[in-house]
Amino acid sequence: MSKLVIVTGASRGLGLAICRQLLQAGYSVLGLARTPSDELTQLQQQGLLFRAADLSKLDNIPALCSELTKQYGRPYALINNAAVGYDGVLATMHNSEINSLLNLNIQAPILLSKYLLRPMLLNQSGRIVNISSIIARTGFNGLSVYAASKAALEGFSKSLAREVGKAGITVNCVAPGYMQTEMTHSLQGDKLESIKRRSPLGRLATPDDTAGAVVYLLSEQAAAITGTTITVDAGSTA
Amino acid sequence: MELEHTIRQTLDQVAIIANCQLIDNINDDTVLLQSGLDSLGFAMLVAQLEEDLGIDPFSQMQIAVYPRTFAEFVGVYRQTLANGN
C-alpha cells in the first residue's frame, strides 16, 4: 500500500504542484482545500483524494484530523502549505486581517501537526514539511505580518524536529522565493522584473521547482534531514 | 476496571514502542513522570487511546488539565466517557 500524504492548500499554485508530483512519485495523496479547483478535479481522476476543509476554523481541526485518520489510515506525511499573504502596510492593515492571517498561517499548521503527528508517533515514522518563504529571513515592504507568520513557522519546525526526532519523524521547511502563482499576482511590472534581474539564474523559481524539494524531503534519501529549511528561490537570496 | 485495564495494556504497549522501561507495580498513586514513560511516550499513549477509545479528553476539555498520578489519568478518561465524550 502506498504511503499517505496530506497536503493543505491543494487546489492552486504550489499545493497543486506538490500534489501532482507526489502522485507521480507513487504516493497516495489527500488534498485539503476550501473548494476544489478545475485542476484539482482533474487530479482526482488520477487518484488524488480530496476533502473540503476550511482550516481557518481552528476549532474544527481536531475532529477533522481524527476523521481523516479513521477514514484513510495513519498518514506518512503532512505538508502544511495553505496560507494567505495579504499585501499592505501594517499601519493600515485591519486587525481582523492580521488575526485571520495568523490563524491560517500559524495556528492551523501547528494544530494540524499536533493531531497528525500522533499517528506518526505510533508508526515511529513520518514527515512534516512546512512551507515557509524567503520572506521569513529577508524583508519585504508590505509583508510584515506574512513574514512574521513564516518566521514563526521556521522556529516551530526546528523545535518540533528536536521533539519528535527520536520517533523517526522529520520536520523541515521549504522556503520558496517569489513564484508566479495566484498568491503573488499583485507583484507585477518593475518589481517582478527587478526580482528576476537580481536572481543569479535570471528567473523566478516555479511551483514545480519548489514541489521537487518537498518530494525529496519525503524520500528515503532525506531520512537524515530534519530541523532545516531548503530554500528554492533561483538564488535570489544568495 | 475495564477502562483501567485497557489503559494499562496500552501503557505497556507504547512503552515498548517508545523504548521506555516502566517501573514495576504501577498503582493509583504512581506519579506519571516517575512511571518510566517519557513525555513523547505519553503523547503516544494519548494517541493510541484515541484510536482505541475514540476520545481525546485533553482536547475535548475547555481548560488544560495535566493529571499527576496514574489514578488521575484514568479518572480523566472515565469522566470523559461518562459525559458521553
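Bear in mind the structure is a predicted one, so any value in this text is a computation, not a measurement.

What counts and how
- Residue positions within a chain follow its written sequence, with the count starting from 1.
- Chains carry letters from A onward and ligands carry numbers from 1 onward, assigned in written order.
- The predicted origin of the model limits local features to residues at a pLDDT of at least 70 and limits the giving and counting of side-chain atom pairs to 80 or more, whereas totals for whole chains, interfaces and linings rest on all residues.
- Just so you know, side-chain values use all the structure's heavy atoms and leave hydrogens and water out.
- Any two cysteine sulfur atoms lying within 2.5 Å of each other are counted as a disulfide.
- Buried, partly exposed and exposed residues are distinguished by accessible area as a fraction of the type maximum, computed with a 1.4 Å probe on protein chains only: under 20%, between the cut-offs, and over 50%, respectively.
- The criterion used for residue contact is that any of the two residues' heavy atoms lie within 4.5 Å.
- We count a salt bridge whenever a side-chain nitrogen from Lys or Arg sits within 4 Å of a carboxyl oxygen from Asp or Glu.
- In protein, a polar contact means a hydrogen-donor-capable atom and an acceptor-capable atom, both N or O and within 3.5 Å, with residues adjacent in sequence counting only if both atoms are side-chain atoms; elsewhere, any N or O pair within 3.5 Å suffices.
- Strands here mean DSSP runs of E at least two residues long; helices mean DSSP runs of H or I at least four residues long; both are numbered from the N terminus.
- UniProt positions are given in the numbering used here, feature names are shortened, and annotations may be inferred rather than shown by experiment.
- Each Phe, Tyr or Trp ring, with Trp reduced to its six-membered ring, pairs with another whose centre is within 6.5 Å; inter-plane angles below 30 degrees give stacked pairs, above 60 give edge-to-face pairs, and intermediate values give tilted ones.
- Both a distance and an angle decide whether a charge sits over a ring: NZ of Lys or CZ of Arg must be within 6 Å of the ring centre and within 35 degrees of the ring normal.
- Note on pairing: two strands pair once DSSP finds at least 2 bridges between them.
- Throughout, an axis means a line fitted to C-alpha atoms (over the contacting stretch in the case of helices), and angles, computed between N-to-C directions, take values from 0 to 180 degrees.

As for the state of the cysteines
All names here are of chain A.
- Going through the model one piece at a time under the given rule, you end up with zero disulfides over all chains.
- A disulfide-free cysteine, C65 has its sulfur positioned 16 Å from the sulfur of C19, the nearest such atom.
- For C65, a relative accessible area of 2% gives the class buried.
- The thiol of C173 is unpaired, and the distance to the nearest cysteine sulfur, on C65, comes to 18 Å.

Concerning the interface of chain A and chain B
- On the chain B side, the residues contacting the 14 residues of chain A number 13 residues.
- Linking chain A with chain B are four salt bridges.
- Taken together, chain A and chain B are joined by five residue pairs in polar contact (both at pLDDT 80 or more).
- The set of elements that each furnish at least two residues to the side of chain A that touches chain B consists of α3 (61–72), α4 (95–123) and α5 (144–164) of chain A.
- Looking at which element gives the most residues to the side of chain A that touches chain B, the answer is α4 of chain A, with six residues.

A few points about the UniProt feature "domain: Carrier" (unreviewed entry) in chain B
- As annotated by UniProt and renumbered to match this structure, "domain: Carrier" (unreviewed entry) occupies residues 1–81 of chain B.
- Secondary structure across residues 1–81 of chain B divides into 58% helix and 0% strand, with the first and last C-alpha atoms of the span separated by 13 Å.

Looking at the packing of aromatic side chains
- On inspection of all chains with the given rule, the structure shows six aromatic pairs over all chains.
- Through successive ring pairs, a cluster of aromatic residues spans F42, F58, F73 and Y77 of chain B.
- When the ring centre of Y76 of chain A is taken as reference, the NZ or CZ atom of K3 of chain A above it lies at 4.2 Å.

Some remarks on the sheet that holds strand β7 (residues 229–232) of chain A
Residue and element names in this part refer to chain A.
- Pairing in this open sheet of seven strands is parallel, and the strands run β3-β2-β1-β4-β5-β6-β7 from one edge to the other. Sheet topology places β3 (49–52) and β7 at the edges, where each strand pairs with a single neighbour. Within this sheet the neighbouring strands show an average axis-to-axis angle of 20 degrees, counted without direction.
- Lying on the sheet, helix α1 (residues 13–24) is in contact with β1 (4–8), β2 (28–33), β4 (77–80), β5 (126–131) and β6 (169–176); it crosses β1 at an angle near 165 degrees.
- Of the strands in this sheet, β1, β4, β5, β6 and β7 touch helix α7 (residues 207–218), which is tilted by about 170 degrees from β6.

Re the pattern of salt bridges
- Going through the model one piece at a time under the given rule, you end up with eleven salt bridges over all chains.
- Of the charged contacts in the structure, one is a salt bridge between K3 of chain A and E220 of chain A, with a shortest N-O distance of 3.6 Å. Linking K3 of chain A in the segment before β1 with E220 of chain A in the loop between α7 and β7, this pair joins segments that are 217 residues apart in sequence.
- Residue class for K3 of chain A comes out partly exposed when judged on its relative accessible area of 37%.
- Looking at E220 of chain A, the relative accessible area reads 57%, which means it is exposed.
- Between R74 of chain A and E51 of chain B there is a salt bridge; the shortest N-O distance is 2.9 Å. Residue R74 of chain A is found in the loop between α3 and β4, and its partner E51 of chain B is found in helix α2 (residues 39–53); the two belong to separate chains.
- Among the residues examined, R74 of chain A registers a relative accessible area of 30% and is labelled partly exposed.
- Judged by its relative accessible area of 38%, E51 of chain B falls in the partly exposed class.
- Several salt bridges converge on common partners, so that one network encompasses R118 of chain A together with E50 and D56 of chain B.

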